[in-house]
Amino acid sequence: MHLLVTLATDVATDVAAEVAAQATNIASLVSAVDTVWLLIATALVFFMQAGFAMVEAGFTRAKNAGNIIMKNLMDFAIGSVVYWIIGFSLMFGQSNGFIGAIDLFVKSMSAETPGIFSFLMFQTVFAATAATIVSGAMAERTKFVSYCLYSLIISAVIYPISGGWVWNEGGWLFQKGYIDFAGSSVVHMVGGIAGLVGTIILGPRIGKYGKDKKPRAILGHSVTLGALGVFILWFGWFGFNPGSTLSATGANTTAIGSIFMTTNIAAAAAACTTMLFTWFRYKKPDVSMTLNGALAGLVAITAGCAAVNPLGAFLIGIIAGIIVVLGVELLDKVLKIDDPVGAVAVHGICGALGTLLVGFFAVDGGVFYGGGFHLLGVQALGVVSIAAWVAVTMTIAFLVIKYTVGLRVPASEEIRGLDIEEHGLVSAYADFMLPMNRGEIPLGEEVILPQEAVPVEKAVPVMVTKSKAAYDDTVADGKKMTNVVIITKQSKFEALKAAMDGIGVTGMTVTQVLGCGMQKGRLEYYRGVEMETNLLPKIQVELVVCKIPVRTVIEAAKTALYTGHIGDGKIFVYDVENVIKVRTGEEGYDALQDVE
């Protein structure tokens, strides 16, 4: 009997040991999966830095593109260092409710929690996002050294302290049940408010507002670059929001899919809404505003992505899509605050909006789900508190920078461009030119807006700079030389070329140009602002004729170009004193003859 008891005890012990070993292996596997998921999400959020750089560069002028890239590079680099040195501990150290205990270089925290560096890296890319938002709002007139100092201050102190209120378990807003799952207020509103303060202190760009105080459109140099940036940001947001689960196992396995859905549907709804709203408001769907609309939806859903259902996310996106347009107009037209990329409206206004809307749409505790107004009140308290903290501290920081090293570049540097003045970069697009190849000239008829038909003399006016007799008649010996310059729509080039071939004119010089007549082009809008002079793409064709009568050339051109509407083109006629063929030395009439 004793032997049987001993044997049974040994078997039980072996089974228990095996079960314990399996449990340890499972725990290790779970921990590994969570770590890998967190680091993948970290990489996605880091990639958003490229998206911000592209949006900001595309929505501003080419002469400042290099400066924009440097700012987006350095706010991440500087922020990474100072957040590691002190910011992380202020945010996640032992908190008294308002600030975490300082732990320089995360020495004590890393000793207590060996795996903390994965979490530190994830939080570092979030801190960089808050910092880089300001670059767009203050673009095209901020000193580079001042921007570097700002990046240090916000990443080391301002962002970590308010972030700790919400995401540190000892933070006072965390204790009250404040919901900001991935950072509508903690990250985006902080960056938006900081950008608003900096933009107000800086003042608008030169030429943004006229003497009548009306805003003038300053077009970005590449909507393509801006659009690519938005796509990258949208992609990176799938790390930003779902990654904030910090885990991919257990209940979070289901939560990640739900957060992916709410994130995407809010962005899509906002983009559609902004497109339709601007279409109605400006008579055409505004490209840059619609891109901002997608970002507005992403910012607005970030706080409640884990707390709302897809329908709630859809409605949040619709609201954000309208508010971002009205926000841009409010800042630009009413408050006269010059934000080149819409950062304040997208991140500041929609960040606050999205956080407040959690109080309405949260499935657990929202007003629309029978939860009363308690959660909404907590959300409002948090938004006001964080906004006030950032506004006060950033005002102090920017004013100190302004009255020490200076905040704004001199007017001469702003006009010439920050690339050359701040970085010695002649152009961010060196050797880049738009070639004039036949394949690049748009073919087919250009769409004409309905308008009253006018005579050919008004549609294709002729400007003569020589005597009427010389204009009407060919010189007797056939050696009179005349330069005919035709400016018209690109879509008319093939028709004009065919007409010239038909009368025997085969030599021509063609140049792509931008221009408008006395009508200043058709009325168009850029980000809701009327463009005073709308330069339209044209071609300039130059012909030097001698054998063929000038009148024949003009009539053939008129026939090819005429549609009956103002803007068909203009023809200029000039005398040519002499022509010299470099290869042979021939002059005058003989220089124009290519037959050997």
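No experiment lies behind these values; they were computed from the predicted model shown. (Residues numbered from 1 in each chain as written. Predicted model: local features only at pLDDT ≥ 70, side-chain atom pairs only at ≥ 80, totals over all residues. Heavy atoms only, no water.)

Quick look at the overall build of the protein now. Along the protein, the regular secondary structure elements total 19 helices and seven strands. In the protein, which comprises 596 residues, the proportion classed as buried is 49%. In the protein, the proportion of contacts linking residues at least 24 apart, taken out of those at least 6 apart, comes to 78%. Entry remark: accessible area of the protein is about 27,300 Å², with carbon and sulfur atoms responsible for 67%. (Helix = DSSP H or I, 4+ residues; strand = E, 2+ residues; numbered from the N terminus. Buried < 20%, exposed > 50% of the residue type's maximum accessible area, 1.4 Å probe, protein only. Contact = heavy atoms within 4.5 Å. Areas by Shrake-Rupley, 256 points an atom, 1.4 Å probe, with all protein chains shown as cover.)

A few words now on the environment of Y562. By secondary structure assignment, the location of Y562 is in the loop between α19 (550–561) and β7 (569–575). With a relative accessible area of 34%, Y562 lands in the partly exposed category. On a C-alpha basis, the gap between Y562 and K492 in space is 9.6 Å, while along the polypeptide they are 70 residues apart.

A surface patch of nonpolar side chains, about 460 Å² in accessible area, is lined by V81, W84, I102, L104 and F105. Position of F105 among the secondary structure elements: in the loop between α2 (65–92) and α3 (107–112). Given a relative accessible area of 35%, F105 falls into the partly exposed group. (Patch = residues over 30% accessible without salt bridge, like charges linked within 9 Å, V, L, I, M, F, W, Y side chains within 5 Å. Salt bridge = Lys/Arg side-chain N within 4 Å of Asp/Glu carboxyl O.)

Bringing the packing of helix α11 (residues 310–334) against helix α12 (residues 343–361) into the picture now. Running from N to C, α11 and α12 cross one another at 145°; their axes reach a closest spacing of 9 Å. Considering the relative orientation of α11 and α12, their crossing is right-handed. Residue-level inspection shows G312, L315, I316, I319, A320, I323, V324, G327, V328 and L331 of α11 in contact with α12, the latter providing V344, A345, V346, I349, C350, L353, L357 and F361. (Axes fitted to C-alpha atoms, helices over the stretch in contact; angles between N-to-C directions. Left-handed = near helix turned anticlockwise from the far one by under 90°.)

Moving on to the nonpolar core. Counting residues in hydrophobic clusters, the biggest one holds 101 residues, and the most contacted among them are F126, Y150, Y159, W167, I386, M394 and F398. Residue contributions to this core peak at twelve residues, all from helix α4 (residues 116–137). Not counting the four nearest positions on each side in its chain, W167 is found in contact with M91, F92, Q123, F126, Y159, D180, F181, A182, G183, V186 and V187. (Core = buried A, V, L, I, M, F, W, Y, C linked by side-chain atoms within 4.5 Å.)

All chains considered together, the criterion is met by 21 aromatic pairs. Aromatic pair Y147 and Y150: ring centres 5.3 Å apart, planes at 50°, arrangement tilted. Taken as a pair, Y147 and Y150 lie in helix α5 (residues 144–167) at a separation of three residues, close to a single helical turn. Residue Y147 is classed as buried on the basis of its relative accessible area of 2%. Sitting over the face of the ring of Y147, K71 holds its NZ or CZ atom 5.6 Å from the ring centroid. (Phe/Tyr/Trp six-rings, centres within 6.5 Å; stacked < 30°, edge-to-face > 60°. Lys NZ or Arg CZ within 6 Å of the ring centre and 35° of its normal.)

For the rest of this paragraph, the subject is the packing of helix α18 (residues 493–502) against α19. The contact between α18 and α19 brings their axes to 9 Å, and the two run at 150°. At the point where α18 passes α19, the crossing takes the right-handed sense. Judged by residue contacts, A495, L496, A499 and M500 of α18 engage V553, A556, A557, A560 and L561 from α19. Taken together, the residues that form the contact of α18 with α19 break down as nine nonpolar, no polar and no charged. (Nonpolar A, V, L, I, M, F, W, Y, C, P; charged D, E, K, R; others polar.)

By the element assignment, K208 lies in the loop between α7 (184–202) and α8 (223–240). With sequence-adjacent residues up to four places away left out, K208 is seen in contact with K214, P215, R216, I218, D332 and D338.

Quick look at the confidence of the model for the protein now. Confidence in the prediction of the protein, expressed as mean pLDDT, is 87, and 84% of residues score 70 or more. A low-confidence stretch, residues 19–23 (pLDDT under 50), is modelled with zero contacts involving residues beyond four sequence positions or located in other chains. Low confidence marks residues 433–451, where pLDDT is under 50. Its contacts with residues over four positions away, or in another chain, come to 24 contacts. (pLDDT = per-residue confidence, 0-100.)

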